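Notes for the structure review
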Amino acid sequence: MIETDAPTYDWTTARQRRKSWKAEERPKNLFSGESKVGKCQVAGVDVLKIAAHPEGLLRLADSFMVHHKHDWKEESAGVGLPLGLEWQQSKDGRFDFFFSLADGIRCFGLGERFSTLDLRGARHTLCTTDETKHTEFADSLYKAIPFMVLFDGDNSYGFFLDSPAPQRWDLDSELNCEGKIELFTRQGWSMYVFGPAPLPSILDSFSAVTGKAKMPPLWSLGHQQCRWSYPDEETVREIATEFRQRKIPCDTIYLDIDYMDEYRVFTHSPERFPAFTKMIEDLRAQNFNVITIVDPGVKKDEKFPVFKKGLKDNLFCKTQDGEVYIGQVWPGHSAFPDFLKPETRKWWADNHSFYVKNGIAGIWNDMNEPALFNLTRPLPDGMDALPAESAQHFCHSLDDERLGHLEVRNLYGTLMCKSTHQGLIEQRPNERPFILTRSATAGIQNYSAVWLGDNYSWYEHLAKSIPMLLNMGMSGVAFCGVDIGGFFGSCPPEMLIRWYELGIFYPLFRNHCWLEGRAQEPFAYGEKCEMLLRKLIETRYGLLPYIYSLFHEHTTNGAPLMRPLSWHYPQDRIAANADDEFLLGENILVAPITERSKSCRNVYFPEGLWHPFNGGTPVKGGQTLAVEIPLGSVPAFVRDGSIIPMASAMQSTAEYESCTITFKCFGKNAQGMYFEDDGKSFDYERGVYNEWQLSLKEGQLSAVSVHKSFDSAGRKYAVDIEGKNSSFKLS
Ligand code: MIG
C-alpha cells in the first residue's frame with residue numbers, strides 16, 4: 001500500500017520552541033541557605049572560595065575533588081567578585097553563575113571536549129557519558145572536569161566549580177560577551193576563583209587544591225600495545241614475541257575484557273587463559289608489563305563470590321525502593337558498586353589481590369561513567385533543573401543518607417580509581433601504581449592516567465587529539481593520550497605512521513583498536529611501515545629522559561607536559577591561535593601532519609631559533625613557514641638554547657638503567673634539566689633522586705646538582721655539541 005496522505009504535524013512543540021527563542025529572562029533568586037566567601041593565597045595566587053549550602057543540605061560542599069586543605073580566611077559579606085561573577089539559585093535543582101567574558105579572553109580546560117583549544121562560542125555540558133561518536137554533535141564525553149582557565153596573558157583567571165552534579169557552561173555562545181554556568185543540584189557547592197595571574201601560575205594554584213600527579217612508573221611512559229581483545233594466551237605470547245623478534249620497543253601489553261571468565265571481574269577465563277599466572281610471569285621475563293581491564297559492573301550471579309559479598313555487605317547502588325540496582329553491561333545483568341561508600345572502596349581495593357597475586361602490573365578502568373547499555377543518555381533532554389530523585393536512575397549513599405545518582409555521577413569513575421589506587425598501594429606499598437581510566441572528574445591525576453575513549457581511525461580525530469589533550473592538561477591532567485591509530489574503524493598504514501609521528505609526544509603512548517578493525521600492531525603492515533614505525537618508537541624511547549624530567553616538573557608545579565604555545569609565549573597573538581601544534585615542555589615544538597597524502601604543512605614558529613629535530617638548518621621564529629614533513633619523519637623542532645637529555649636505544653625500559661644518557665645541546669649557549677631516580681618506588685618522595693641543572697657555555701657543558709642522593713654510579717653519560725659526541729662525567 002502506498003501512503004498518499006500528507007503527514008500531519010502536531011505544531012505544539014514548534015510553537016513552544018518558537019516561544020523559547022525569546023531572550024531568556026533572568027529568574028529570581030530563591031536561595032535561602034548559607035553562603036560564605038573565603039580567601040587564601042595558594043601557590044602565590046589569590047584565590048576566592050565561595051561556598052553555598054542550601055538549607056539543611058550541607059553535604060558535598062567539599063566534594064572528593066579537593067585534595068589539599070588550605071586556610072580560608074573568611075571575608076565579610078559584600079566582597080566584589082572578579083569578572084562580574086554573580087550567582088543565584090534560579091530553581092529548585094539549579095544554580096546559575098553569570099560572568100563577563102571580554103573580547104579576547106580564551107577559555108581552556110573543562111576536561112574532555114570535542115573542541116578546538118579555545119572553548120569559547122559554545123555550550124559545554126559536563127556529565128560523564130559513554131559517547132561513542134566523537135563529532136561536532138558530541139557534547140558530554142567520558143570526563144567532566146569543572147575547571148576552566150580564562151586566558152588573558154598575565155591576567156588570566158581560573159574557575160573551579162566543585163560539584164559532581166551535571167553542569168552546563170555557556171561560553172559566550174550568543175556573542176554577548178557573557179558566560180553562564182548552570183549547575184544542576186540540590187546540594188552544596190564551592191566555587192573557586194583563581195587569579196589574576198599568568199597561565200602557569202593558575203595551573204600551579206589549581207593543582208595545589210586538586211592535586212598533582214605523582215611520578216609514574218617509568219615503564220608506563222614506554223610504548224604500550226592494546227587490542228580488544230587478544231583472545232587467548234597463545235595470541236598474547238605471539239604478540240610479545242613479535243615485538244622482541246622484530247626489535248620494536250614495547251613495555252606493556254593490555255588484556256581487554258575477554259581475559260575474564262564470562263566477564264566476571266577478578267577472574268580469568270579457564271578455557272582461553274588457563275595458565276594465567278604463568279603467562280604473566282613469562283611475559284615479565286620478556287620485560288613486558290601486563291595490564292588488565294576492570295569494569296565496575298559485577299555479574300548478577302548468586303554463585304559468584306564477588307556479587308554475593310557485595311550483596312551481603314550492602315555495597316551496591318540501590319533503586320529508590322532500596323533494591324539493588326541491576327543494569328546491563330558486558331557480564332549481562334550486573335550490579336554497580338557504590339564507590340561513594342568507604343566500605344565499598346575498601347572491598348573493591350582488597351579484591352585487587354587477585355591481580356597483584358598474578359603479577360599484573362597495572363589496571364585499566366573502563367565503562368566507569370558508569371556506562372550502561374540500557375542507559376546511554378544519562379540526562380533528560382532539555383533539562384532545566386535536576387530531575388527529582390526518583391528520576392535519577394538509582395541512588396548512592398553518603399554517610400548513610402541517600403543521594404540521587406545524578407548528584408554525584410561525575411565522581412563515579414574517579415572514586416573507582418581512588419579505590420583501585422588504594423588497593424594497589426596497600427598491596428605493593430613501595431611501588432608506583434599505574435592506572436588508566438576512561439571516566440574522570442577533577443583530581444583524577446592523584447590516582448590515574450587517562451585516555452580519551454573511543455576515537456575513530458579518522459584523520460580528523462588524529463588532528464583533534466591535539467586540542468583535546470591540551471585541554472586535559474589545562475584541567476590538571478598531565479598524563480593523557482588517545483588511542484594511536486584510532487579505536488573504531490581500520491587504520492591504513494599511512495594514517496598509522498602519521499599517528500605515531502604525533503603519538504610519540506603524547507604522555508601516554510598507547511596503540512589500541514576495537515575487535516572489528518584490522519590488526520593495528522606496528523608490525524601488521526609490511527616492511528616499509530614497520531621500519532618507519534620502529535624508528536619513531538625508538539625516538540620516543542630516546543626522549544624518555546626528557547619526558548621523565550618533565551613529569552618531575554609536573555609534580556612540583558602542575559605544569560602539563562603538552563602545552564599550548566601561549567603557555568610560554570603569552571603575549572604572542574598568533575601563538576594564541578595555534579592548536580594544530582604544541583610544545584612538549586618548553587623546548588620541543590611539535591607540528592605534525594594530520595591529513596592524508598600531504599607531506600607539507602604550515603608551522604608557526606614563536607620567537608627564537610628552532611632546530612629541526614633530526615638536523616638541518618635552524619628556522620628563525622616569529623613567522624609561519626611551509627615545512628616538508630616526509631612520511632615517517634619526526635615533526636618537531638627544538639628551541640635554540642636548550643639541552644635535551646636523550647637515552648640510547650633500548651627494547652623496553654628494563655634496559656633504561658644500563659643505557660647511555662646523552663645531553664644533546666642545541667645552540668651555543670644552552671640550558672636544560674635532568675631528573676633521575678629508580679623509576680619505580682616512592683623513594684624519590686623521601687629525597688632519593690638526582691636533579692641536575694645543565695648549562696652549555698663556550699663549548700663546555702657543566703652540570704650543577706640541585707639535588708643529589710640517588711646512586712647512579714653505574715650509568716654512562718655523554719654530551720652532544722653540534723653533532724660531536726663525547727663522554728661526560730656527571731658529578
Ligand atoms: O563497550 O572493553 O573504550 O577501549 O576496548 C566497549 C572493550 C567497552 C570501551 C573502551 C575500549 C575497550 C572496549 N570498551
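Everything below is about the structure printed above this text.
Every chain is numbered on its own, with residues counted from 1 as its sequence reads. A pLDDT threshold of at least 70 governs which residues receive local features in this predicted model, and a stricter bar of 80 or more applies before side-chain atom pairs are shown or counted, although totals over entire chains, interfaces and linings include all residues. In computing side-chain values, all of the structure's heavy atoms are included and hydrogens and water are not.

1. Remarks on the site of the ligand
The criterion for a residue being near a molecule or strand is simple. One of its heavy atoms has to lie within 4 Å of it. Inspection of the region around the ligand gives 13 residues, with D256, D366, R438, D454 and H512 positioned closest. Under the rule applied, a polar contact is a pair of N or O atoms within 3.5 Å (in protein, one hydrogen donor and one hydrogen acceptor; residues adjacent in sequence only if both atoms are side-chain atoms). At a separation of 2.4 Å, an oxygen atom of the ligand approaches a polar side-chain atom of D454. Following the grouping adopted for this structure description, the nonpolar residues are Ala, Val, Leu, Ile, Met, Phe, Trp, Tyr, Cys and Pro, the charged ones are Asp, Glu, Lys and Arg, and the polar ones are all others, Gly among them. Class assignment of the residues belonging to the shell around the ligand gives a composition of eight nonpolar, one polar and four charged.

2. Things to note about the sheet that holds strand β6 (residues 106-109)
Backbone hydrogen bonds hold the strands of a sheet together, and the pairing may be parallel or antiparallel. Note on pairing: two strands pair once DSSP finds at least 2 bridges between them. The helix count covers DSSP runs of H or I at least four residues long, the strand count covers runs of E at least two residues long, and both are numbered beginning at the N terminus. Here we have seven strands laid out as an open sheet, ordered β3-β1-β2-β12-β9-β8-β6, and antiparallel in their pairing. This sheet does not close on itself; its edge strands, each paired only once, are β3 (73-75) and β6. The average angle at which neighbouring strand axes cross in this sheet is 25°, direction not considered. The pairing of strand β8 (residues 147-151) with strand β9 (residues 156-162) spans four bridges and is classified as antiparallel. Bridge assignment links M148 to a residue of β9, and that residue is F159. The contact criterion used throughout is that any non-hydrogen atoms of two residues lie within 4.5 Å. A fitted line through C-alpha atoms represents every axis, and for helices the fit uses only the stretch in contact; the resulting angles, taken between N-to-C directions, go from 0 to 180 degrees. Each of β1 (34-42), β2 (45-53), β6, β8, β9 and β12 (189-197) touches helix α2 (residues 199-210); the most contacted strand, β12, lies at about 150° to it.

3. A word on the environment of E262
On the secondary structure map, E262 appears in the loop between β14 (252-255) and α4 (276-285). E262 sits eleven residues away from D251 along the chain, and the two C-alpha atoms are 28 Å apart. Residue contacts for E262: discarding those within four places in its chain leaves K299 and P331. One polar contact links E262 to R264, side chain to side chain, over a distance of 3.0 Å.

4. Let's talk about the layout of surface pockets
We place a 1 Å grid over just the protein atoms. Points where a 1.4 Å probe fits but has no way out form a cavity, open points with protein on both sides within 12 Å along at least 5 of 7 lines form a pocket, and any residue with an atom within 4 Å of a point lines it. Grid points are joined across faces, edges and corners, and a volume is the space filled by probe spheres set on the points. Empty space within the largest pocket amounts to approximately 1,600 Å³. In terms of lining, the largest pocket is formed by 42 residues, of which the most central are E24, R123, R168, D170 and E182. The set of elements that each furnish at least two residues to the lining of the largest pocket consists of α1 (12-20), β4 (86-91), β5 (94-100), β7 (122-126), β10 (167-171) and β11 (178-183). Tallied by class, the residues present in the lining of the largest pocket amount to twelve nonpolar, ten polar and 20 charged. Within this model, the second largest pocket holds a volume of roughly 560 Å³. What lines the second largest pocket is a set of 28 residues, among which W219, T653, D678, G679 and K680 lie closest to the centre. A class-by-class count of the residues in the lining of the second largest pocket yields ten nonpolar, six polar and twelve charged.

Geometric descriptors of this kind do not, in isolation, establish any biological role.
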